[in-house]
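# Coordinates in review
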Amino acid sequence: MQSPSRSLQLHRMLSHATIALALQARTRDEVLRELAAHVPGLETRPDLLEELVRALREREELHSTGIGDGVALPHARQPLPHLLNQPSLVFGRHPTGVSFRAVDGRPVRLFFLLLAPDLTIHLAMLARISRLLRQVTLREALLVAGTAEAVIELLREAEARLDQTRESLQGP
């Protein structure tokens, strides 16, 4: 039986619509709003968009989702099943970085907004993206990827490496 994080393929959640390679925001709250605007289905539901932005801000007030190394993983504290019925991932990159109260105090340039309809998927997404972003080469490549397709391919390759490593450690 596959673990939820293994069967979850994050790169498949990304598309042109969910990738922003040149975020314009100058503050943490502006970044959250700009990322939330890329969540599929919310473009026609300003009430839900505002609810999501509020939930993201509340989560950041508890403790920053800036995990260090120029990366943040914004997400709501609780799953928001009425907002979406399937997991969603938005990738954003800022050209110079934004102060995000990251654990290492450095500006954040790479953002992965995670949304899930339930806690199991939410935790699986967080675990998987955290493992992927431990790869320095992936973080560096995401900083210079020129297209949405390149971002998706970088994540696909990183997930394949992660899954291959896990399989070889588990053995036959």
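Treat the numbers as computed from the prediction; the structure is a model and nothing was measured. (Residues numbered from 1 in each chain as written. Predicted model: local features only at pLDDT ≥ 70, side-chain atom pairs only at ≥ 80, totals over all residues. Heavy atoms only, no water.)

### Description of helix α2 (residues 28–36)
Those residues of α2 not exposed but buried are Arg 28, Val 31, Leu 32, Leu 35 and Ala 36. The arc that holds the buried residues of α2, viewed along the axis, is 130°, so those residues lie on one side. In this structure, the buried side of α2 is in contact with α3 (46–62), β4 (88–98) and β5 (108–115). (Buried < 20%, exposed > 50% of the residue type's maximum accessible area, 1.4 Å probe, protein only. Helix = DSSP H or I, 4+ residues; strand = E, 2+ residues; numbered from the N terminus. Arc of directions from axis to C-beta. Contact = heavy atoms within 4.5 Å.)

### Observations concerning empty space enclosed by the protein
One pass over the structure, following the stated rule, counts one cavity of 30 Å³ or more. Estimates place the volume of the largest cavity at around 50 Å³. (1 Å grid on protein atoms, 1.4 Å probe; cavity = no way out; pocket = protein on both sides within 12 Å on 5 of 7 lines; lining within 4 Å. Points joined across faces, edges and corners; volume = space filled by probe spheres on them.)

### A few points about the pairing of β4
Counting buried positions over the eleven residues of β4 gives nine, a clear majority of the element. Bridge count for strand β1 (residues 19–20) against β4 is two bridges, and the pairing is parallel. Each bridged residue has a counterpart across the sheet, and for Ala 20 the counterpart in β4 is Gly 92. Strand direction decides the pairing type here: β4 and β5, joined by seven bridges, are antiparallel. Within β5, the residue paired with Phe 91 across the bridge is Phe 112. (Pairing = 2+ DSSP bridges.)

### Regarding the environment of Gln 135
Inspection of the secondary structure puts Gln 135 in the loop between α4 (119–132) and α5 (136–144). Taking the relative accessible area as the measure of exposure, Gln 135 reaches 19% and is therefore buried. Sequence separation between Gln 135 and Ser 99 is 36 residues, and the spatial gap between their C-alpha atoms is 22 Å. Setting aside residues up to four positions removed in sequence, Gln 135 forms contacts with Ala 158 and Arg 161.

### Quick word on unusual backbone geometry
A positive phi angle, close to 55°, is found at Asp 69, a residue other than glycine. Despite not being glycine, Arg 101 has its phi angle at roughly 55°, a positive value. You can see Arg 101 is positioned in the loop between β4 and β5.

### Focus: the pattern of salt bridges
The tally for this structure, following the rule as stated, stands at eleven salt bridges. Between Glu 50 and Arg 33 there is a salt bridge; the shortest N-O distance is 2.6 Å. Placement of the pair is Glu 50 in helix α3 and Arg 33 in helix α2, with a sequence separation of 17 residues. Under the relative-accessibility criterion, Arg 33 is labelled partly exposed at 33%. Linked through salt bridges whose partners overlap, the residues forming this network are Arg 28, Asp 29, Glu 61 and Arg 101. (Salt bridge = Lys/Arg side-chain N within 4 Å of Asp/Glu carboxyl O.)

### Some thoughts on the confidence of the model for the protein chain
With 93% of its residues at a pLDDT of 70 or more, the protein chain has an overall mean of 91. Taken as a whole, residues 1–6 scores under 50 in pLDDT and shows twelve contacts with residues more than four places along the chain or in a different chain. (pLDDT = per-residue confidence, 0-100.)

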